[in-house]
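If you want the building blocks of each chain, they are given just below.
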Amino acid sequence: MSTWANLGLQDSASPLMEQLIFFHDHALLILVMITILVGYLMFMLFFNSYINRFLLHGQLIEMIWTILPAIILLFIALPSLRLLYLLDEINEPSVTLKSIGHQWYWSYEYSDFNNIEFDSYMIPTNELSNDGFRLLDVDNRVVLPMNSQIRILVTAADVIHSWTIPALGVKVDGTPGRLNQTNFFINRPGLFYGQCSEICGANHSFMPIVIESVPVNYFIKWITNNMNS
């Protein structure tokens, strides 16, 4: 979860988010190098008085400043394409979770386990406990097992929503009439917070997501208790 003065990305909780952070740092390094080079050239251009009366063309320098940006773009494009394919890969999921966006709350279905269903609403500020997070905590958390491949199916009942958990590197649009899917793998226990990141109406800011990542044996106990109740 983001905290005060956290200007960078959140700590990753999945291999996909680790790869996204690596790519972010890689692209940022290239951008910094380009900015320094162009800034230096512009500075030298403005503040020197060199002239060349006989310069009519410069084929070599034109070849260099055409080919070099193309090579730099390849260094960005190839890791980006690799990451896009990794994000779309579905690897025999252990659990399937279905998330349905409403104005303005989420519904969840565990269709693998006798169709466990519940709604998840934001806890109002006046009902929040002392250790709760304002505008982020919900009354029913999504409980998922760690170290397991999770598939999530996202749709919406009314307008376009977007199911987003930054720490997991997951952002899936929920569109009425469509079923979008992605996968993720949570590699540590904890609480992971997210929000709808598609402007979906007046109370768009008030439909948070909370994932509780637990060991597999705790998840099985939670599923058993909910199936019996």
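Residues numbered from 1 in each chain as written. Predicted model: local features only at pLDDT ≥ 70, side-chain atom pairs only at ≥ 80, totals over all residues. Heavy atoms only, no water.

Keep this limit in mind: UniProt positions are given in the numbering used here, feature names are shortened, and annotations may be inferred rather than shown by experiment.
Within an unreviewed UniProt entry, the label attached to the chain reads Cytochrome c oxidase subunit 2, and the organism entered is Drosophila sturtevanti. Looking at the Sequence similarities (unreviewed entry) heading of the UniProt record, one finds this comment for the chain: "Belongs to the cytochrome c oxidase subunit 2 family." In UniProt, the chain has this text filed under Subcellular location (unreviewed entry): "Mitochondrion inner membrane".

**So, the pattern of salt bridges**
Condition: Here, a salt bridge means any Lys or Arg side-chain nitrogen found within 4 Å of an Asp or Glu carboxyl oxygen. Helix and strand assignments follow DSSP, with helices taken as H or I runs no shorter than four residues and strands as E runs no shorter than two, numbered in order from the N terminus. Think of it in three bands: with a 1.4 Å probe and only protein chains considered, a residue is buried below 20% of the maximum accessible area for its type, exposed above 50%, and partly exposed in between.
For the coordinates displayed, the defined rule picks out two salt bridges. Linking Arg141 and Glu212 is a salt bridge whose minimum nitrogen-to-oxygen distance equals 3.7 Å. Pair noted here: Arg141 is in the loop between strand S3 (116–120) and strand S4 (142–145) and Glu212 is in strand S10 (residues 208–214), with a separation of 71 residues, a long-range link. Glu212 gets classed as partly exposed once you look at its relative accessible area, which sits at 26%. The shortest N-O distance in the salt bridge between Asp173 and Lys171 comes to 3.5 Å.

**Structural notes on the domain arrangement of the chain**
By convention, interface size is frequently given as the accessible area that disappears when the constituent parts associate. Inclusion rule: The start and end points of each domain follow an automatic or database-based domain assignment. By definition, residues are in contact when any of their heavy atoms lie within 4.5 Å. In short, buried area is how much 1.4 Å probe accessible area vanishes from two parts on joining, totalled over both. In the analysis that follows, any N or O atom pair within 3.5 Å is treated as a polar contact, provided that within protein one partner can donate a hydrogen and the other can accept it, and provided that, for residues neighboring in sequence, both atoms belong to side chains.
The domain architecture assigned to the chain consists of domain 1 (15–49 + 56–88) and domain 2 (95–228). The C-alpha centroid of domain 2 is placed 38 Å from the C-alpha centroid of domain 1. At the interface, six residues of domain 1 touch eight residues of domain 2. Carbon and sulfur atoms supply 50% of the area buried between domain 1 and domain 2, which totals about 490 Å² over both sides. In this assembly, domain 1 and domain 2 are joined by zero residue pairs in polar contact (both at pLDDT 80 or more). Looking at the side of domain 1 that touches domain 2, the element that brings in the most residues is helix H1 (residues 15–46), giving five residues.

**Concerning H1**
For clarity, the threshold we go by: The span one expects for a helix is its residue count, reduced by one, times 1.5 Å.
The first and last C-alpha atoms of H1 sit 47 Å apart over 32 residues, in line with the 46 Å expected at 1.5 Å per residue. Looking at H1, one finds that the buried residues are Leu16, Met17, Ile21, Ala27 and Ile30. Close packing links the buried residues of H1 with helix H2 (59–88) and strand S8 (180–185).

**Topic: the environment of Phe184**
Position of Phe184 relative to the elements: it lies in strand S8. If we ignore the near neighbours within four places in the chain, the residues touching Phe184 are Leu144, Ser148, Gln149, Ile150, Ile152, Trp163, Leu168, Val170 and Ile211.

**Thoughts on the UniProt feature "transmembrane region" (unreviewed entry) in the chain**
UniProt feature "transmembrane region" (unreviewed entry): in the numbering of this structure it lies at residues 27–51 and 63–87. Spanning residues 63–87, this segment combines 100% helix with 0% strand, and its end C-alpha atoms are found 36 Å apart.

**Brief notes about the sheet that holds strand S9 (residues 190–196)**
We count it as follows: Between any two strands, pairing holds if DSSP finds at least two bridges. To get an axis, fit a line to the C-alpha atoms, keeping to the stretch in contact for a helix; angles then go from 0 to 180 degrees between the N-to-C directions.
The five strands are arranged S4-S10-S9-S6-S7 in an open sheet whose pairing can be described as mixed. The strands lining the two open edges of the sheet, one partner per strand, are S4 and strand S7 (170–174). Strand-to-strand twist across the sheet, computed as the mean angle between neighbouring axes with direction ignored, equals 25°. The pairing of strand S6 (residues 161–165) with S9 spans two bridges and is antiparallel. Opposite Thr164, over in S9, you have Gln195 as the bridge partner. Against the sheet, helix H3 (residues 216–228) contacts S4 and S10, and its axis sits at roughly 135° relative to S4.

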